[in-house]
Amino acid sequence: QVQLVESGGGLVQAGGSLRLSCAASGNIAGISTVGWYRQAPGKQRELVAAIASGGSTNYADSVKGRFTISGDNAKNMVWLQMNSLKPEDTAVYYCNAFKVELRMDYWGQGTQVTVSS
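A few points on the structure. What you see is a predicted model; the values in this text were computed from it and never measured.

1. Some details on the side chain of Asp89
Relative to the elements of secondary structure, Asp89 occurs in the loop between β8 (77-82) and β9 (91-99). Since its relative accessible area comes to 0%, Asp89 is described here as buried. Other than its neighbours up to four places away in sequence, Asp89 contacts Arg38, Arg66, Phe67, Ser84, Val113 and Val115.

See below:
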């Protein structure tokens, strides 16, 4: 099993910044991708950003240029730096780890991000 713990959410004004952290523990061998997803009330969960084990990254169009995902394999940590936040970024943000060989997903408990206008 893989345990993921998110932190860093909170309330921020529009234009502000937050940094989310995801700490991974347990059987982390074989994780191929770690991603940040978000789910706003009444909406489907969507991918925000992801980083592969080799370091390549991809972002949702809505956050490109504002959010940056990074990771440290030695520390088993992944971060999401969120700048120029907008009210529409308000959501619960979840960390996800994917093992491609096992085709298994692991999820954290989520952290609330609220951006006020």
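2. Focus on the pairing of strand β4 (residues 33-39)
The sheet contact formed by β4 and strand β5 (residues 46-52) spans six bridges and is antiparallel. Bridge pairing links Val34 to Ile51 in β5. From the end of β4 to the start of β5, which pair antiparallel, there are six residues, and Gly42 there has a positive phi angle of about 75°.

3. So, the nonpolar core
If you look at the biggest cluster of nonpolar residues, it comprises 28 residues, and the most contacted ones within it are Leu4, Trp36, Val48, Phe67, Leu80, Met82 and Tyr93. Looking at this core, the elements that each hand over two or more residues are β1 (2-7), β3 (18-26), β4, β5, β7 (67-72), β8, β9 and β11 (111-116).

4. Regarding the sheet that holds β7
In spatial order, the strands read β1-β3-β8-β7; together these four strands make up an open sheet with antiparallel pairing. Strands with a single pairing partner mark the edges of an open sheet, and in this sheet they are β1 and β7. Taken over all neighbouring pairs, the strand axes of this sheet differ in orientation by 15° on average, direction set aside.

5. Quick notes on the pattern of salt bridges
Per the stated rule, a full pass over the model turns up four salt bridges. Arg38 serves as the salt-bridge partner of Asp89, at 2.9 Å between the closest nitrogen and oxygen. Of the two residues, Asp89 sits in the loop between β8 and β9 while Arg38 sits in strand β4, which places them 51 residues apart along the sequence. The pair Asp89 / Arg38 is uniform in exposure class, with both members buried. Its salt-bridge partner being Lys64, residue Asp61 comes within 3.1 Å of it at the nearest N-O pair. Judged by its relative accessible area of 65%, Asp61 falls in the exposed class. Through salt bridges with shared partners, a single network forms among Arg38, Glu46, Arg66 and Asp89.

What counts and what doesn't
Residues numbered from 1 in each chain as written. Predicted model: local features only at pLDDT ≥ 70, side-chain atom pairs only at ≥ 80, totals over all residues. Heavy atoms only, no water. Helix = DSSP H or I, 4+ residues; strand = E, 2+ residues; numbered from the N terminus. Buried < 20%, exposed > 50% of the residue type's maximum accessible area, 1.4 Å probe, protein only. Contact = heavy atoms within 4.5 Å. Pairing = 2+ DSSP bridges. Core = buried A, V, L, I, M, F, W, Y, C linked by side-chain atoms within 4.5 Å. Axes fitted to C-alpha atoms, helices over the stretch in contact; angles between N-to-C directions. Salt bridge = Lys/Arg side-chain N within 4 Å of Asp/Glu carboxyl O.

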